[in-house]
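Per-entry structural report
Spelled out, the chains give:
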Amino acid sequence: MAFTLDKTLVIGISATALFDLSEADKLYKDEYIKHPDTAIEMYRAFMLKNEDVVLDEGIGFPLVKVLLNLNRYQKKGEPPLVEVVIMSRNSPETGIQVLNTIRELRLNVTRSAFTAGESSADYLEAFDVDLFLTTNESDAQKVIDRGVCASAVLNIPPEYKCDTDDEQVRIAFDGDAVLFDESSELVYKEEGIEAFHKKENAAQNTPMKEGPFASFLIKLAKLQERLPMKIEFSPVRIAIVTARNAPSDLRVIKTLRHWGVYVDEAFFLGGLEKSKILKSFRAHIFFDDQDVHLKNSSLVVPSGKVLYPSHSKLKHQR
C-alpha cells in the first residue's frame, strides 16, 4: 500500500536551521578564501573528527520539537500529524554528525536528503514538503520562484534563544505578500495609504488571492481538524500580526473565513511596532516579508523572511 502524506503537515528544514553548524560553516568559508582547492577536504576532515559531538540547537529547533510533539495525538492506523525532513548540502558522510545529534536528542525525524553541495530545494516536491525553512537565501528564492511550497530564510541574532514551551505550537504570520498576494501591498506602495484603505474597504467581501504562505496556513488548519479537542483549546495557536488597520481589517477576516481557516488572534497595528505583540504572543516563529519588521521581531522571537518572487515589483522597490 502506498504511503501518502495528504493529511500530514510536512516540514523540510536545512541542517543549518535545525542545528548550530556555524563553526563548520565559518571554517569552510575562511579556508575557501585562502585556499579554495583544499577547503572541501578541510571541511570534510573537521566534520568527520566531530561527528560524535552533539550539535547545539539552531533557530528552527524549538519549532520542529513542538511540531513533532503534536504526534502524541496521532490515532492508531492513521498517518502522523507532522513529518520533518532534514535537507542538507552536506554529503552523506559529512552529515553523520547531524544524524547522530537527531538520535541523541531523540527527535522523531526519519527522513533526510544529503546532496553534497547541490541545492536541496530541488527535492522538496519529492518529499511532499509544505514548508521549507533554510538559512540559504538562494535555496529559498528558488522555492518561491517555482511555487513549490512556502519557504522562509531564518537568521538567528546573537545570544537569542527561544524559551516558549513545547505544549502548544504558536505561529504568527504577516498578511500582505505572506498569507495574501502582493496586490494590496502594491496599491499602498504605488498609490498611498488613502487609496489602499479605499480599495480594501470597497473589496471587503471579495476574498484576497492566496500568497506564498496561504497553502501552508490552510494545511495547518486541516491539521487542527485531526486533533481531538475543540479548536478553541487546540495545541496549535495561530496569530495574524499585520500593519493593516481599519477599514482594511475586515477583508482579512473575511478572506480567512472564505478559506475555512480559524485564527486565534489577529492584531491590526496600523504601522505600530510588531515586536512587542510578538513577544507577548511568545511565537515559536513569525513570518514576514519586510526587513523593517524582521529587524526588531528577530530580537524577541524566531523570525523567517519571506522572499518576493524574482519577477515581483516589490522585490525591486525600497
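Each value, and the rule that gives it
- Along each chain, numbering runs from 1 in the same order as the chain's sequence is written.
- Since the coordinates come from a predicted model, pLDDT governs what is reported: local features require at least 70, and pairs of side-chain atoms require 80 or more to be given and counted, while whole-chain, interface and lining totals use all residues.
- In computing side-chain properties, one takes all heavy atoms of the structure into account and sets aside hydrogens as well as water.
- Throughout, exposure labels follow a simple rule: accessible area from a 1.4 Å probe, protein chains only, divided by the maximum for the residue type, with under 20% read as buried, over 50% as exposed, and the rest as partly exposed.
- A run of H or I in DSSP counts as a helix once it spans at least four residues, and a run of E counts as a strand once it spans at least two, with each numbered from the N terminus.
- Whether two strands pair depends on DSSP finding at least two bridges between them.
- As used here, the arc belongs to the directions running from the helix axis to the C-beta atoms.
- The contact definition used throughout considers only heavy atoms, calling two residues in contact when any of these lie within 4.5 Å.
- Any Lys or Arg side-chain nitrogen located within 4 Å of an Asp or Glu carboxyl oxygen qualifies as a salt bridge.
- Residue types Ala, Val, Leu, Ile, Met, Phe, Trp, Tyr and Cys, when buried and joined through side-chain atoms within 4.5 Å, form a set referred to as a nonpolar core.
- Lines are fitted to the C-alpha atoms to define the axes, a helix being fitted only along its stretch in contact, and any angle between axes, read from their N-to-C directions, falls within 0 to 180 degrees.
- Any two rings among Phe, Tyr and Trp, with Trp reduced to its six-membered ring, count as a pair given centres within 6.5 Å; such a pair is stacked if its planes are under 30 degrees apart, edge-to-face if over 60, and tilted if neither.
- Consider the strands pointing away from the viewer: the crossover is right-handed when the path from the first strand over the helix to the second runs clockwise.

Overview of the pairing of strand β6 (residues 169-173)
- Burial of β6 is extensive: five of the five residues sit out of reach of the surface.
- Side-chain alternation along β6 places Val169, Ile171 and Phe173 on one buried face and Arg170 and Ala172 on a second face that is also buried.
- Sheet topology places β6 next to strand β9 (residues 285-288); three bridges connect them, and they run parallel. Following the sheet pairing, Ile171 is matched in β9 by Ile285.

Overview of helix α5 (residues 96-104)
- Where α5 is concerned, the buried positions are Gln97, Val98, Thr101 and Ile102. Each buried residue of α5 lies within a common arc of 140 degrees when the element is viewed along its axis, so the set occupies one face. Exposed and oriented more than 90 degrees from the buried face of α5 are Arg103 and Glu104.
- Residues of α5 that are buried in the fold lie against α1 (15-18), α3 (39-49) and β2 (82-88).
- Count one or two residues on from α5 and you reach Arg106, which has phi positive near 55 degrees.

Remarks on the pattern of salt bridges
- Taken as a whole and assessed by the stated rule, the structure comprises 20 salt bridges.
- With a shortest N-O distance of 3.9 Å, Arg72 and Glu167 are connected by a salt bridge. Of the two residues, Arg72 is situated in the loop between α4 (61-68) and β2 and Glu167 in the loop between β5 (150-154) and β6; the sequence distance between them amounts to 95 residues.
- Two residues, Glu191 and Lys199, come together in a salt bridge whose shortest N-O distance is 3.2 Å.
- A relative accessible area of 46% places Glu191 in the partly exposed class.
- If you follow the salt bridges from partner to partner, you end up with Asp176, Glu200, Arg244 and Arg251 in one network.

A closer look at the nonpolar core
- Counting 60 residues, the largest nonpolar core has Leu133, Phe173, Phe213, Phe216 and Phe287 as its most contacted members.
- Considering each element in turn, this core owes the most residues, seven residues, to helix α9 (residues 214-225).
- In contact with Phe213, other than residues within four places in its own chain, are Leu131, Ala150, Ser151, Ala152, Phe173, Val178, Leu179, Phe287 and Val306.

Regarding the sheet that holds β5
- Taken in spatial order, the 10 strands line up as β3-β2-β1-β4-β5-β10-β9-β6-β7-β8 in an open sheet, and their pairing is mixed. The strands lining the two open edges of the sheet, one partner per strand, are β3 (111-114) and β8 (265-268). Across the sheet, the mean angle from the axis of one strand to that of its neighbour is 25 degrees, orientation sign disregarded.
- Along the sheet, helix α6 (residues 137-146) contacts β4 (131-134) and β5; its crossing angle with β5, the most-contacted strand, is approximately 165 degrees.

A word on the packing of aromatic side chains
- One pass over the structure, following the stated rule, counts 10 aromatic pairs.
- With 6.2 Å between their ring centres and 40 degrees between their planes, Phe19 and Phe61 make a pair best called tilted. Of this pair, Phe19 sits in the loop between α1 and α2 (22-34) while Phe61 sits in helix α4; the two residues are 42 residues apart in sequence, bridging distant segments of the chain. The pair formed by Phe19 and Phe61 is uniform in burial state, with each residue classed as buried.
- On the basis of an interplanar angle of 65 degrees and a centroid distance of 6.4 Å, the ring pair of Phe173 and Phe213 is categorised as edge-to-face. Here the residue Phe173 occupies a position in strand β6, and Phe213 occupies one in the loop between α8 (193-202) and α9, the gap between them amounting to 40 residues.
- Judged by relative accessible area, Phe173 falls into the buried class, the value being 0%.
- A residue is classified by how much of its surface remains accessible, and Phe213, at 0% relative accessible area, is buried.

Thoughts on the pairing of strand β7 (residues 236-242)
- Counting buried positions along β7 yields six of seven residues, so the element is predominantly enclosed.
- Sheet analysis places β6 next to β7, joined by five bridges and oriented parallel. Bridge pairing in β7 places Ile171 opposite Ile238.
- Here four bridges tie β7 to β8, and the two strands are oriented parallel to one another. From the neighbouring strand, Val241 faces β8, where its bridge partner is Phe267.
- Handedness of the β7-helix α10 (residues 249-259)-β8 crossover: right-handed.

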